Amino acid sequence: MSLQNTQLNDSWTLYQRLREQTPLVQCITNYVAMNMTANVLLAAGASPAMVHCAEESGEFAALASALSINMGTPSPQWAEGMHAAIAGAQAAGVPWVLDPVAHAATGFRRQLVTALLARRPTAIRGNASEIIALAGASGQGRGMDSGDSVESAAEAARQLARAQGCVVLVTGEVDLATDGQRSQRIEGGSALMPQVTAMGCALSALLAGFIGVAPGQTLAAAVAAAQVFAAAGLKAEQHAQGPGSFLPAFLDALHLLQLSDLQRCPVSEQP
Amino acid sequence: MSLQNTQLNDSWTLYQRLREQTPLVQCITNYVAMNMTANVLLAAGASPAMVHCAEESGEFAALASALSINMGTPSPQWAEGMHAAIAGAQAAGVPWVLDPVAHAATGFRRQLVTALLARRPTAIRGNASEIIALAGASGQGRGMDSGDSVESAAEAARQLARAQGCVVLVTGEVDLATDGQRSQRIEGGSALMPQVTAMGCALSALLAGFIGVAPGQTLAAAVAAAQVFAAAGLKAEQHAQGPGSFLPAFLDALHLLQLSDLQRCPVSEQP
Amino acid sequence: MSLQNTQLNDSWTLYQRLREQTPLVQCITNYVAMNMTANVLLAAGASPAMVHCAEESGEFAALASALSINMGTPSPQWAEGMHAAIAGAQAAGVPWVLDPVAHAATGFRRQLVTALLARRPTAIRGNASEIIALAGASGQGRGMDSGDSVESAAEAARQLARAQGCVVLVTGEVDLATDGQRSQRIEGGSALMPQVTAMGCALSALLAGFIGVAPGQTLAAAVAAAQVFAAAGLKAEQHAQGPGSFLPAFLDALHLLQLSDLQRCPVSEQP
């Protein structure tokens, strides 16, 4: 059996498991992404919970299957809530995902991302510019969008994964998942995806959901999350006239996703 | 004339009144639900106003037809704004609705819901697990979703309504409205509704809108809000392929709702 | 060549420039409008960045093409972030737009809008009631919706533009843009637009995007933003059954907008 088929079976198995177990995914995410993220998790079969304030975020994290931290619209108060949530998650053995949105844009974000990285995320999901900058190289991203290609971030992603001891998922025209040793490339998706806000943020939360049902299989979880997203994007594009009709079609596609949809998004080893 | 027809006429009369009077509904709700709640209120014919900070929430409440308080993403600052808004509403004779989202999940939420209940809401809207836990019984909800059936919450809802001197609306596969004496059961809706985030939150705000145009008729307002939601859900399902296409279809259905749509959602006395 | 054709060419030229330059629009906007605003900017061809907290908003503003400030859900903390962002924008020569949502509703808002006006926005976008109240006359708006017609706000808009030395865009059934000397009237749009929340808020952000690519042409930018919105609204209405299906159709229309769509929304000199 080829790698692709093995991986495909892994992704489908994990997706079915996600739907059966409906993992509770605690999200501390940006204001733009909250509604969208909740709808993506629900459509995929997970259960979202947005719980952010430091007074309860750590306590709640112990109840969650996984935690997703996104720094898209940060503030000192929310940063406190993130740290409390991560501490609570780690005390309870709950995995967590970091989405370092535009982490290089301001001094406040650079300090925040450094402090969050020091807490050792289970996985990191970002665009190419964010991952290159996080690995210490010099990326071209000016804000939330990426000026670099995923291919150009492959080495930075590997380095970051090794340095952090985590899985890194870089998303863009193609996606790349790596644990620092093996790297896998996921094709598919739609050119309309970057035209809809918060798609990447929602994928980070879905990644947390997959990790929550796949203990010890973080790389496979990252491939599955990316492949499910790519397959839903590809399917949605067929029903979309533009970014407006793409979003409902994407949520429908997630909800209705079949093995045959996953088969249209090949996974291959990245050299 | 049967109960159903009486109630149906009540609901339709109240809905027409809502559309004519376009009540100004002040919402202090969670970040996930804000956009959705505003769109639901607009589609139904009410006028939304999200005004949350303590510096103005009480002053604004005196201008509103009704106030809706939802504790889905609470923080100490927002809790202050909630208390100020309720105080302003009560001083001006403006009714208010409590949506106790996941109130049993953390110590912070338990304290908050206790303090909010002490201010005596006009009505409470929750899922079965939330209502059972609020009535002091032991529910099974772990977060924002409900692990209990509405039927199993019927007695808890009555107890809570009597203890609080308010109307309780429990929503789920069927809905139940009670003032502690009479209980009414509303059928209809769609299995896609729990797959879309913040539907319950939006219903709480719409309930506030109905109460705002139905002084002294809180139970009838709760039945009307639930019936309108159920009818729009039933209608939307016919045009939906999944949760993504359901939401726009639901807003369209609210906007276009006719008496004949309400007739498809029977109301009956709950023994 | 008539005024209309001149203006049309201006609007189309500016829209093509917006799509080519993808201006980075920093938005500090209300919670209801954030997702919607980001999607409108993306569909139109601009690049959104929601960066609000005082610890970074001023630093980020220097990177932006334009800044949009909307006071729909204000708080003292967010007000600080607005002031810091404006200071940063002005130090870097970045233009900014003020959307004074419901500024007359509470004492807190009245103080905030006074302080923001003192910082001299490049442009102001509001509904008729908001603009009349801002010009010192007595409007009828009670909250986020407008009780006054755009026509009735024409003189107030001119006065406000002159007093502030800025461009004022009043939106409603027809739109009106003025720099205090010339006033232009833009027709088009759809009766469904006020049934969808945050349309005006999103237009303010798009206005900022247009101003960002049209230095020294603020009035032309305001006409272009209004005309693009009106044309997308007119086009979307053809595909919509109600406010729910209108929104995705509107985003699609923005994404696919052609010169022929703009031609359906005439611009004329307002006497």
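Everything numeric here is computed off the predicted structure, so don't read it as measured data.

Conventions adopted
Residues numbered from 1 in each chain as written. Chains lettered and ligands numbered in written order. Predicted model: local features only at pLDDT ≥ 70, side-chain atom pairs only at ≥ 80, totals over all residues. Heavy atoms only, no water. Helix = DSSP H or I, 4+ residues; strand = E, 2+ residues; numbered from the N terminus. Rg over C-alpha atoms; globule rule 2.2 N^0.38 Å. Buried < 20%, exposed > 50% of the residue type's maximum accessible area, 1.4 Å probe, protein only. Contact = heavy atoms within 4.5 Å. Areas by Shrake-Rupley, 256 points an atom, 1.4 Å probe, with all protein chains shown as cover. Lys, Arg positive; Asp, Glu negative; His and termini not counted. Charge placed at Lys NZ, Arg CZ, Asp CG, Glu CD. Least-squares fit on C-alpha atoms with pLDDT ≥ 70 in both. Salt bridge = Lys/Arg side-chain N within 4 Å of Asp/Glu carboxyl O. Polar contact = N/O pair within 3.5 Å; in protein donor to acceptor, adjacent residues only side chain to side chain. UniProt positions renumbered as here; feature names shortened; annotations may be inferred. Core = buried A, V, L, I, M, F, W, Y, C linked by side-chain atoms within 4.5 Å. Axes fitted to C-alpha atoms, helices over the stretch in contact; angles between N-to-C directions. Parallel < 35°, antiparallel > 145°, perpendicular 65-115°, else oblique. Left-handed = near helix turned anticlockwise from the far one by under 90°. Pairing = 2+ DSSP bridges. Buried area = accessible area lost by both parts, 1.4 Å probe. Right-handed = clockwise from strand over helix to strand, strands pointing away. Disulfide = S-S within 2.5 Å.

A.B. asks: Would you mind showing me how to read the overall build of chain A here?
C.D. replies: Helix and strand counts for chain A come out as eleven helices and nine strands. A compact globule built from 271 residues would reach a C-alpha radius of gyration of about 18 Å, and chain A, at 17 Å, matches this within 12%. When the backbone C-alpha atoms are referred to their principal axes, chain A occupies close to 45 × 40 × 40 Å. Among the 271 residues that make up chain A, the fraction classed as buried is 66%. Partitioning the intrachain contacts of chain A with sequence separation of at least 6 by distance along the chain shows that 71% fall at a separation of at least 24. For chain A, the exposed surface amounts to about 8,500 Å²; the carbon and sulfur share of it is 49%. Averaging the locations of the 14 positively and 20 negatively charged side chains of chain A gives two centres separated by 4 Å.

A.B. asks: How should the relation of the copies chain A and chain C be read in this particular structure?
C.D. replies: Here the two chain copies are tied together by a rotation about an axis and a shift along that axis. At an RMSD of 0.0 Å, chain A and chain C line up after a rotation of 120° and a shift of 0.0 Å along the axis. Look at the turn and shift together and you get a three-fold axis relating the two. In terms of C-alpha distance to the rotation axis, chain A has A:Tyr31 as its closest residue, with the C-alpha 3.9 Å off the axis. With a heterologous cut-off of 20% or less, the 4% of interface residues of chain A that recur at the interface of chain C puts this contact in the heterologous class.

A.B. asks: What's the story with the side chain of A:Gln164 in this structure? I'm lost.
C.D. replies: When you line up the elements, A:Gln164 lands in helix α7 (residues 154-164). When residues no more than four places from it in sequence are discounted, the contact partners of A:Gln164 are A:Leu117, A:Arg120, A:Pro121 and A:Ile124.

A.B. asks: Sorry, what's going on with the interface of chain A and chain C here?
C.D. replies: A common way to state how big an interface is: give the accessible area lost once the parts meet. Taken together, the 27 residues of chain A in the interface contact 27 residues of chain C. Linking chain A with chain C are two salt bridges. A salt bridge links C:Glu59 to A:Arg110; its shortest N-O distance comes to 3.8 Å. At the boundary of chain A and chain C, one finds eight residue pairs in polar contact (both at pLDDT 80 or more).

A.B. asks: Explanation requested: the UniProt feature "binding site: ATP" (unreviewed entry) in chain A in the structure shown.
C.D. replies: All names here are of chain A. In this numbering, the UniProt entry assigns the feature "binding site: ATP" (unreviewed entry) to Arg125 and Thr171. Across 47 residues of sequence, these annotated residues stay compact in space, with a maximum C-alpha separation of 7.5 Å. Within the secondary structure layout, Arg125 lies in strand β5 (residues 123-127). Arg125 has contacts with Leu98, Asp99, Pro100, Leu169, Thr171, Gly200, Cys201, Leu203, Ser204 and Leu207, leaving out every residue within four places of it along the chain. A polar atom in the side chain of Arg125 sits 2.9 Å from the side chain of Asp99. Following the sequence through the fold, Thr171 ends up in strand β6 (residues 167-171). Of note is the side chain of Thr171, whose polar atom sits 2.7 Å from the side chain of Arg125.

A.B. asks: What am I meant to see in the environment of B:Val228 here?
C.D. replies: By the secondary structure assignment, B:Val228 is in helix α9 (residues 218-237). Ignoring anything within four residues of it in the chain, the contact list for B:Val228 reads B:Tyr15, B:Leu206, B:Phe210, B:Leu254, B:Leu257 and B:Leu262.

A.B. asks: Just checking my understanding: could you explain the nonpolar core for this structure?
C.D. replies: Where a protein is soluble and globular, its nonpolar side chains tend to be buried together. One finds A:Phe210, A:Phe250, B:Phe210, B:Phe250, C:Phe210 and C:Phe250 to be the most contacted residues of the largest nonpolar core, which totals 316 residues. If we ignore the near neighbours within four places in the chain, the residues touching A:Phe210 are A:Leu14, A:Tyr15, A:Leu18, A:Ala221, A:Ala224, A:Ala225 and A:Val228.

A.B. asks: For this particular structure, what's the right way to read the packing of helix α2 (residues 34-44) of chain B against helix α8 (residues 199-212) of chain B?
C.D. replies: Two quantities define a packed helix pair, namely the angle between the helix axes and the distance between the axes. Residues and elements named next belong to chain B. Orientation of α2 relative to α8, taken along the N-to-C sense of each, is 50°, at an axis distance of 9 Å. Considered as vectors, α2 and α8 are oriented oblique to each other. Handedness of the crossing formed by α2 with α8: right-handed. Between α2 and α8, the contacting residues are Met36, Thr37, Val40, Leu41 and Ala44 on the first element and Met199, Cys201, Ala202, Ala205 and Leu206 on the second.

A.B. asks: So what exactly am I meant to see when it comes to the relation of the copies chain B and chain A here?
C.D. replies: The transformation that overlays chain B on chain A combines an axial shift of 0.0 Å with a rotation of 120°, and the residual RMSD is 0.0 Å. Looking at chain B, a mere 4% of its interface residues are interface residues in chain A too, so the copies touch through different faces.

A.B. asks: Please explain the sheet that holds strand β4 (residues 96-99) of chain C as it appears in this structure.
C.D. replies: Residues and elements named next belong to chain C. On the basis of which strands lie adjacent, the open sheet formed by nine strands has the order β2-β1-β3-β4-β5-β6-β7-β8-β9 and mixed pairing. This sheet does not close on itself; its edge strands, each paired only once, are β2 (47-50) and β9 (267-269). For this sheet the average axis-to-axis angle between neighbouring strands, irrespective of direction, equals 20°. With three bridges connecting them, strand β6 (residues 167-171) and strand β7 (residues 175-178) associate as antiparallel partners. The residue bridging Leu169 from the neighbouring strand is Ala177, located in β7. Along the sheet, helix α4 (residues 76-91) makes contact with β1 (24-28), β3 (66-70) and β4, crossing β3 at roughly 155°.

A.B. asks: Where do I start with the interface of chain B and chain A in this structure?
C.D. replies: Contacts between chain B and chain A engage 27 residues on the former and 27 residues on the latter. Buried surface at the junction of chain B and chain A, both sides included, amounts to about 2,200 Å², of which 60% is carbon and sulfur. The tally of links between chain B and chain A comes to two salt bridges. Run the count over chain B and chain A and you get eight residue pairs in polar contact (both at pLDDT 80 or more).

A.B. asks: How should I be thinking about the pairing of β2(C) in this particular structure?
C.D. replies: In the case of a regular strand, side chains alternate between the two sheet surfaces. Going residue by residue along β2(C), you find C:Ser47 and C:Ala49 tucked away on one face and C:Pro48 and C:Met50 tucked away on the opposite face as well. As a crossover connection, the stretch from β1(C) through helix α2 (residues 34-44) of chain C into β2(C) is right-handed.

A.B. asks: It is not clear to me how unusual backbone geometry should be interpreted in this structure. Could you clarify?
C.D. replies: Note: most peptide bonds trans; most residues except glycine with negative phi. All names here are of chain C. Residues other than glycine seldom take positive phi values, yet Ala102 does so here, at roughly 50°. The backbone phi angle of Ala198 is positive, close to 70°, even though this residue is not glycine. Of note, Ala198 is situated in the loop between β8 (183-186) and α8 (199-212). Residue classification places Ala198 among the buried residues on the basis of a relative accessible area of 11%.

A.B. asks: For this particular structure, what's the right way to read the UniProt feature "binding site: substrate" (unreviewed entry) in chain A?
C.D. replies: All names here are of chain A. Under the local residue numbering, the UniProt record ascribes the feature "binding site: substrate" (unreviewed entry) to Met50 and Ala198. The topology assignment puts Met50 in strand β2 (residues 47-50). Excluding residues within four positions of it along the chain, Ala198 makes contact with Val32, Ala33 and Met36.

A.B. asks: What am I meant to see in the state of the cysteines here?
C.D. replies: Among covalent bonds in proteins, the disulfide is the one between the sulfur atoms of two cysteines. Residues and elements named next belong to chain A. Under the defined criterion, the tally for this structure stands at zero disulfides over all chains. Free cysteine: Cys201, not disulfide-bonded; nearest cysteine sulfur from Cys27 at 11 Å. Among the residues examined, Cys201 registers a relative accessible area of 13% and is labelled buried.

A.B. asks: Please clarify how the pattern of salt bridges should be interpreted in this entry.
C.D. replies: When charged atoms on two side chains of opposite charge get close, those side chains can pair. Residue and element names in this part refer to chain B. On inspection of all chains with the given rule, the structure shows 21 salt bridges over all chains. Put simply, Arg125 and Asp99 hold a salt bridge, and the shortest N to O gap is 2.9 Å. Taken together, the residues span a long stretch of sequence, with Arg125 in strand β5 (residues 123-127) and Asp99 in strand β4 (residues 96-99) at a distance of 26 residues. Judged by its relative accessible area of 5%, Arg125 falls in the buried class.

A.B. asks: Whenever I open this one, the pairing of β4(C) confuses me. Can you help?
C.D. replies: Residues and elements named next belong to chain C. Neither face of β4 is exposed, since Trp96 and Leu98 on one face and Val97 and Asp99 on the opposite face are all buried. With four bridges connecting them, β3 and β4 associate as parallel partners. Along β4, the bridge assignment pairs Ser68 with Val97. Between the parallel elements β3 and β4, the chain passes through α4 in a crossover that is right-handed. Of the strand pairs in this sheet, β4 and strand β5 (residues 123-127) are connected by two bridges, and their pairing is parallel. What sits directly across from Leu98, in β5, is Ile124.

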